[in-house]
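An overview of the molecular structure
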Amino acid sequence: MNTFVKSLMCGLMSLTLLGCSNADTSPNVSSVTSSNPALQGATRLNFKDSLSFEYLKSLDTKKVAINGYMATSSPVDGSFIFLMNLPYQSCPFCKPNTSTLSNTIEAFPKKGQRFGYTTAAITIVGTLEVAESEANPFTDAYGYEFAFKIVDSEYYLVPESEMGENVGVWQKVASSNLITDVYSMLDYIHFLCNWPTYYVRSYEDIDGNVVPGFYLYAADALKFLDSANGQYHYGRESGYFQKLINRAKGISEEALADLITIISDASTLATYAYNELVSGNYTSEEQYVPMFDTTDYIFTLNNAAELERRCNDLYDSFESWLGGWEL
């Protein structure tokens, strides 16, 4: 069965992370300090800065420099790259259940040039180009949306002497596959908070007749959650959230304190959202559904606005935490 919302982010693959450290929480507007003369006069940008559209606008058309890694799915023709703060990722990172790039920057080379691929840490230096507004982002050929890009750019390898100090912790995070599993946790939370928006698509039976699709009923949502082979049953397994917390603590309770808080908050929200479902705190109304050309019952959570807000707050917290890891 296909559901309405599926994240466009490819799963974070096995990561071998090098030279990352926590970034400051405020934008760093100082000039780049580097022995490379090509970087002089550029403003240092980091991934957490990119969460602030207002800050990005203040740097529109200016020369910037940012450290990162090329995603392995960057176009083979070198026409542009997906720059990420994590190495060896196959796909761009999107905010969960959207096509909006997060902790991923599209960088384009100088006119007439192409990027060669490297797995090494790099510094991209070029001109920041910001969309007119957040409501009208740029869109690429893959359907990804993004508020800014770096154009007329080139890259340089980051000297080992300029790497961050918190290498060991990030390597352990990578080898544990923890980020991938936290992302699955967020997907589970999204379903709990938004199950009435998920649907099964229309399809043709063996006789060629179109079987209309349908939005999930409450009973369907419970099957997705409580059935042993349900798509989101993993989140209902005993000790699910505590196991994630224990894994994070096993790496470094101090360094991953913010992530542990995010997982704990997710556990609280999951309990609340699941109880909303099983207690029947929803309504349904029979109405015509143009997409399926049929009349059906559509469910609405009574506390839908609150659930959506809390879900989005959780996403924002994770996005900010992940963006804080910088070279």
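Here goes a summary of the coordinates provided. (Residues numbered from 1 in each chain as written. Predicted model: local features only at pLDDT ≥ 70, side-chain atom pairs only at ≥ 80, totals over all residues. Heavy atoms only, no water.)

1. Focus: the pattern of salt bridges
Applying the stated rule across the entire model yields 7 salt bridges. In this structure, the salt-bridge partner of Lys-57 is Asp-60, at a minimum N-O distance of 3.9 Å. Here Lys-57 falls in the partly exposed class, since its relative accessible area comes to 32%. Ionic pairing is found between Lys-110 and Asp-152, a salt bridge with its closest N-O pair at 3.6 Å. Of this pair, Lys-110 sits in the loop between β5 (104-109) and β6 (122-130) while Asp-152 sits in strand β9 (residues 148-157), placing them 42 residues apart in sequence. Classification of Asp-152 by relative accessible area gives partly exposed; the value is 39%. (Salt bridge = Lys/Arg side-chain N within 4 Å of Asp/Glu carboxyl O. Buried < 20%, exposed > 50% of the residue type's maximum accessible area, 1.4 Å probe, protein only. Helix = DSSP H or I, 4+ residues; strand = E, 2+ residues; numbered from the N terminus.)

2. Focus on the environment of Asn-177
Among the structural elements, Asn-177 can be located in the loop between α2 (167-176) and α3 (178-194). Taking the relative accessible area as the measure of exposure, Asn-177 reaches 30% and is therefore partly exposed. With 70 residues separating them along the chain, Asn-177 and Arg-247 place their C-alpha atoms 10.0 Å apart.

3. Topic: the pairing of β9
Note: β5 against β9, 2 bridges, orientation parallel. Pairing of Pro-109 across the sheet is with Ser-153, part of β9. Note: β6 against β9, 8 bridges, orientation antiparallel. Paired with Ile-124 across the bridge in β9 is Tyr-155. (Pairing = 2+ DSSP bridges.)

4. Some remarks on the packing of aromatic side chains
The final tally for this structure, using the stated rule, is 27 aromatic pairs. Summarising the aromatic geometry, the rings of Trp-195 and Phe-299 are spaced 6.0 Å apart at their centres and angled 50 degrees between planes, so their arrangement reads as tilted. Remark: Phe-299 occurs in strand β15 (residues 294-301) and Trp-195 occurs in the loop between α3 and β10 (199-200); sequence separation between them is 104 residues. Neither residue differs from the other here; Trp-195 and Phe-299 are each classed as buried. Considering the side-chain rings of Tyr-199 and Tyr-215, the 5.5 Å spacing of their centres and the 70 degrees angle between planes classify their relative orientation as edge-to-face. Of this pair, Tyr-199 sits in strand β10 while Tyr-215 is found in strand β13 (residues 214-215), placing the two residues 16 residues apart along the sequence. (Phe/Tyr/Trp six-rings, centres within 6.5 Å; stacked < 30°, edge-to-face > 60°.)

5. Some thoughts on helix α7 (residues 304-323)
For α7, spanning 20 residues, the distance from its first C-alpha to its last is 28 Å, which sits close to the expected 28 Å at 1.5 Å a residue. If you check which residues of α7 are buried, you get Leu-307, Cys-311, Leu-314, Tyr-315, Phe-318, Glu-319, Trp-321, Leu-322 and Gly-323. (Expected span 1.5 Å × (residues − 1).)

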